[in-house]
Amino acid sequence: MDNKKPREQWSGRLGFVLATAGSAVGLGNIMKFPWMTGQNGGAAFLFTYIVIMLIVGIGMLICDFLIGRNGKANAVASYRKLLGNGHFTWMGYLGIFSAMLALAYYAVFGGWMLHYIINSFTTLAHIDPAAVGDFFGGAVSAVWTPILGTFIFLAITVIIVCGGVKKGIEAASKFMMPALIIILIVLIFRAVTLPGAGEGIKYYLKPDLSKITLPVIAAAVGQCFFSLNVGTTGMVNYGSYLSDDEDVFKSTMQVAFTDFGVAFFAGLIIIPSAFAFSIDVGSGPGLLFVTMPSLFAQLPAGGFFCFLFFVLLLFASLTSSVSILEIFVPFMTETFPKTFNRTKASILGGIICLVLGIPVSLSFGIWGDVRILGQDIFSLYDNFICIFAYPLIALCTAIIVGWVWGKKNALDAISNHGKLGHRKVYDVWFFLVKFVCPILLLVVVITGLKSFFGF
């Protein structure tokens with residue numbers, strides 16, 4: 001008699017799409033996409049990103065969902081079931097390790113958001129735009145306050161994950177996502193009408209194709225994967241909760257374009273605003289935290305808008321952090337069922353991420369001069385994940401689906417055993433996964449290795 005507890009499932013497509021889009025939408029879109037765009041040629045990066053998303057990102061996201069749905073288990077077990085052996089299960093382990101690194105610095109940024117929320121109606125309500133940089137620098141370089149914020153952010157994440165799929169993840173996402181998109185649309189209208197914003201709009205929307213280089217392409221791939229959670233094995237886990245009747249292709253398109261829409265909106269707010277306030281658009285993690293309060297200071301009831309924006313950004317970040325921790329939790333509960341239930345595994349994951357996050361927090365302050373492989377601690381984590389680990393996992397996923405699983409099995413899976421149409425679209429998807437993605441991703445992995453290790 002099989003007493004194994006049935007695996008949870010999403011309540012339907014809306015729940016799945018909102019939760020998965022919530023997983024994808026977060027700091028990767030609203031915080032990181034604008035600064036990556038600023039550092040890599042503006043509209044040239046935007047154009048490259050769109051092409052990468054269409055050719056590689058969507059196709060690989062479909063692969064992750066199909067592998068998870070086929071496995072109905074955590075990423076490690078899903079890879080093992082797909083192949084009938086353990087040859088590629090290391091991808092699941094690398095995904096779990098990378099996820100913990102990602103959540104570690106994600107939580108640090110979440111702590112910063114909490115600090116901004118608390119100060120929205122006081123210091124930030126009427127701050128001079130010229131003083132925002134000093135406020136940000138003082139906040140992130142402190143020792144204990146950012147660490148406390150990191151702890152609180154992780155505690156909230158753990159509580160949501162303990163609630164499970166329907167009670168925690170899905171319920172939170174159904175509120176967070178629509179609210180965030182509404183406030184972004186409102187902010188666009190103010191940002192693009194600021195004096196001096198026109199140059200920022202031009203920089204963001206008028207591409208200079210001569211700026212598209214191999215490093216820019218590699219950066220676009222890393223950003224696309226980070227934003228969509230491709231290569232993280234997180235979407236393998238989310239796919240494992242899908243019913244066998246779900247139209248994976250249609251759901252993936254909805255997730256991908258929601259994700260891109262939020263990133264595009266964020267860039268259309270932050271980059272023109274940065275030009276208007278003479279802020280360096282390639283200034284890294286601080287770009288959002290310096291630009292947005294400067295924008296809010298130009299609005300009536302600026303403190304309210306500041307509070308609302310950072311609360312919603314916190315919510316978006318939580319949906320992403322939940323999906324990251326969800327990579328670790330099922331692995332522990334399904335691999336060690338007698339030792340770990342969902343609550344114990346969630347708490348353990350939170351503790352590990354807190355330990356990993358403390359050095360990241362200190363790297364913006366008293367450990368700012370610490371270098372490993374020529375990189376500060378935050379950059380070490382981020383570069384390892386985005387320019388090496390995620391592209392490597394995606395490369396192997398493309399090989400597995402295209403060359404090992406094979407066309408018959410892959411098309412059977414995506415068409416729900418022939419029940420769905422779109423056969424020509426599926427053929428194009430499989431061609432890209434089998435032939436185009438491996439070549440492009442191999443180049444990106446080699447470029448990432450050279451960049452990461454400095455050779």
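Each chain carries its own residue numbering, running from 1 in the direction its sequence is written. With the structure being a predicted model, the display of local features is reserved for residues of pLDDT at least 70 and the display and counting of side-chain atom pairs for 80 or more, all residues being used for whole-chain, interface and lining totals. Water and hydrogen atoms play no part in the side-chain values, which are based on all heavy atoms of the structure.

Undergrad: Is there a simple way to think about the environment of Asn 85 in this case?
TA: Only runs of H or I of at least four residues qualify as helices and only runs of E of at least two qualify as strands under DSSP, and these elements are numbered from the N terminus. Assignment of secondary structure puts Asn 85 in the loop between helix H4 (75-83) and helix H5 (90-118). Residues Asn 85 and Met 292, spaced 207 residues apart in sequence, show a C-alpha to C-alpha distance of 50 Å. The contact criterion used throughout is that any non-hydrogen atoms of two residues lie within 4.5 Å. If we skip the residues at most four places from it in the chain, Asn 85 touches Tyr 79 and Arg 80.

Undergrad: Before we go on, may I ask you to explain a nonpolar patch on the surface in this structure?
TA: For patches, a residue must show more than 30% relative accessible area and have no salt bridge; joins then use 9 Å for like charges and 5 Å for nonpolar side chains, namely Val, Leu, Ile, Met, Phe, Trp and Tyr. For accessible areas, the Shrake-Rupley method is used with a probe of radius 1.4 Å. Any residue's cover is judged against the shown protein chains and nothing else. What counts as a salt bridge is simple: a side-chain nitrogen of Lys or Arg found within 4 Å of a carboxyl oxygen of Asp or Glu. Taken together, the side chains of Phe 47, Val 51, Leu 54, Ile 55, Leu 209 and Phe 257 make up a nonpolar region of the molecular surface, amounting to roughly 500 Å² of accessible area. Element by element, the count of residues in the nonpolar patch is highest for helix H3 (residues 43-71), at 4 residues. Summarising the element assignment, Ile 55 is placed in helix H3.

Undergrad: Looking at this model, I keep getting lost on the packing of aromatic side chains. Mind explaining?
TA: The geometry of two aromatic rings is summed up by the distance between their centres and the angle between their planes. Each Phe, Tyr or Trp ring, with Trp reduced to its six-membered ring, pairs with another whose centre is within 6.5 Å; inter-plane angles below 30 degrees give stacked pairs, above 60 give edge-to-face pairs, and intermediate values give tilted ones. In this structure the tally under the stated criterion is 39 aromatic pairs. Here the aromatic rings of Phe 136 and Phe 289 are separated by 5.8 Å at their centres, their planes lie at 20°, and the arrangement is stacked. Taken together, the residues span a long stretch of sequence, with Phe 136 in helix H6 (residues 132-141) and Phe 289 in helix H13 (residues 286-296) at a distance of 153 residues. In this structure, Phe 136 and Phe 289 share a single accessibility class: buried. Any Lys NZ or Arg CZ that is within 6 Å of a ring centre and within 35 degrees of that ring's normal is treated as a charge sitting over the ring. Looking at Lys 32, its charged tip hangs above the ring of Phe 226, at a distance of 4.4 Å from the centre. Just above the ring of Trp 403 sits the side chain of Lys 434; from NZ or CZ to the centre is 4.4 Å. A 1.4 Å probe rolled over the protein chains alone gives each residue an accessible area, and that area as a share of the maximum for its type sets the label: buried under 20%, exposed over 50%, partly exposed in between.

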